[in-house]
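Understanding the architecture of this molecule
Each chain, written out:
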Amino acid sequence: MQAMFTTALECETAFYAAFNECDIDLMMRVWATDTSVYCVHPGAAALYDRDAVMSSWRQIFAGNAGLNISISDPQAMQSEALAVRFVHENIRHGPGMASLSIVLATNVFVREGEHWRLCSHHASPCPAQASGPIRTAVQRGPQGTMH
């Protein structure tokens, strides 16, 4: 079944739902099929093709001892065919979901036909000094471009 994500935000929502539910079928529908894909999980090597990315999610889901992930502090840029979203991933884990790990993530989406798909996910542990809203670390240049 093909993805039917009409916005990048809808695709991102499905991505995190797939993560929370360990739903490999949904995860496979989220990722681009007509575009190269890239993924960097926190502390791991970069993955550069769809088969490697999907294999990594299968391994993550197989070893999932119970995680709950939500996002906060989103920042976004979008054109007609490309969208980039910067978020904090708030990952609850451990007994009673009492532990919290914060990860900084960049999600890149492309338009494939009429629908949006994820083509890159890069997640890195959040340094203690960067745990505030992402917007404090982003400077806007002329015409609102981010750099």
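Looking now at the nonpolar core. Ranked by internal contacts, the top residues of the largest apolar core, which has 34 residues, are Phe15, Met27, Val30, Trp31, Val53 and Trp57. Those elements that place two or more of their residues in this core are α1 (8-21), α2 (24-30), α3 (50-62), β3 (82-93), β4 (99-112) and β5 (115-125). Of the residues forming this core, the biggest block, seven residues, is contributed by α1. Dropping the residues within four chain positions of it, Met27 is found in contact with Phe15, Ala18, Phe19, Met54, Trp57 and Phe61.

One non-glycine residue, Asp73, lies in the positive phi region at around 55°. Here Asp73 lies in strand β2 (residues 67-78). Look at Met97: it is not a glycine, yet its phi comes out positive at around 55°. On the secondary structure map, Met97 appears in the loop between β3 and β4.

For α3, with 13 residues, the first-to-last C-alpha span of 18 Å sits near the 18 Å given by 1.5 Å per residue. Within the sequence span of α3, burial applies to Val53, Met54, Ser56, Trp57 and Phe61. Across the axial projection of α3, the buried residues extend over an arc of 155°, all falling on one side. Those residues of α3 that are exposed and aimed more than 90 degrees away from the buried face are Asp51, Gln59 and Ala62. Looking at the buried positions of α3, the neighbouring elements they touch are α1, α2, β1 (38-40) and β5.

This part takes up the sheet that holds β2. The strand order β1-β5-β4-β3-β2 describes an open sheet built from five strands, whose pairing is mixed. The open sheet has two edge strands, β1 and β2, and neither has a second partner. Strand-to-strand twist in this sheet, taken as the mean axis angle between neighbours without regard to direction, amounts to 25°. Across twelve bridges, β3 lies against β4 in antiparallel orientation. Following the sheet pairing, Arg92 is matched in β4 by Leu100. Sitting on the sheet, α1 touches β2, β3, β4 and β5, and the angle it makes with β2 is about 160°.

With respect to the helices and strands, the residue Asn90 is situated in strand β3. On the accessibility criterion, Asn90 (14% relative accessible area) is buried. A distance of 3.0 Å separates polar atoms of two side chains, one belonging to Asn90 and the other to Ser72. With residues near it in sequence (within four places) discarded, Asn90 still touches Asn68, Ile69, Ser70, Ile71, Ser72, Leu100, Ser101 and Ile102.

The rules behind the values
- Residues numbered from 1 in each chain as written.
- Predicted model: local features only at pLDDT ≥ 70, side-chain atom pairs only at ≥ 80, totals over all residues.
- Heavy atoms only, no water.
- Core = buried A, V, L, I, M, F, W, Y, C linked by side-chain atoms within 4.5 Å.
- Buried < 20%, exposed > 50% of the residue type's maximum accessible area, 1.4 Å probe, protein only.
- Helix = DSSP H or I, 4+ residues; strand = E, 2+ residues; numbered from the N terminus.
- Contact = heavy atoms within 4.5 Å.
- Expected span 1.5 Å × (residues − 1).
- Arc of directions from axis to C-beta.
- Pairing = 2+ DSSP bridges.
- Axes fitted to C-alpha atoms, helices over the stretch in contact; angles between N-to-C directions.
- Polar contact = N/O pair within 3.5 Å; in protein donor to acceptor, adjacent residues only side chain to side chain.

Function cannot be inferred from these measures alone, as they are strictly geometric.
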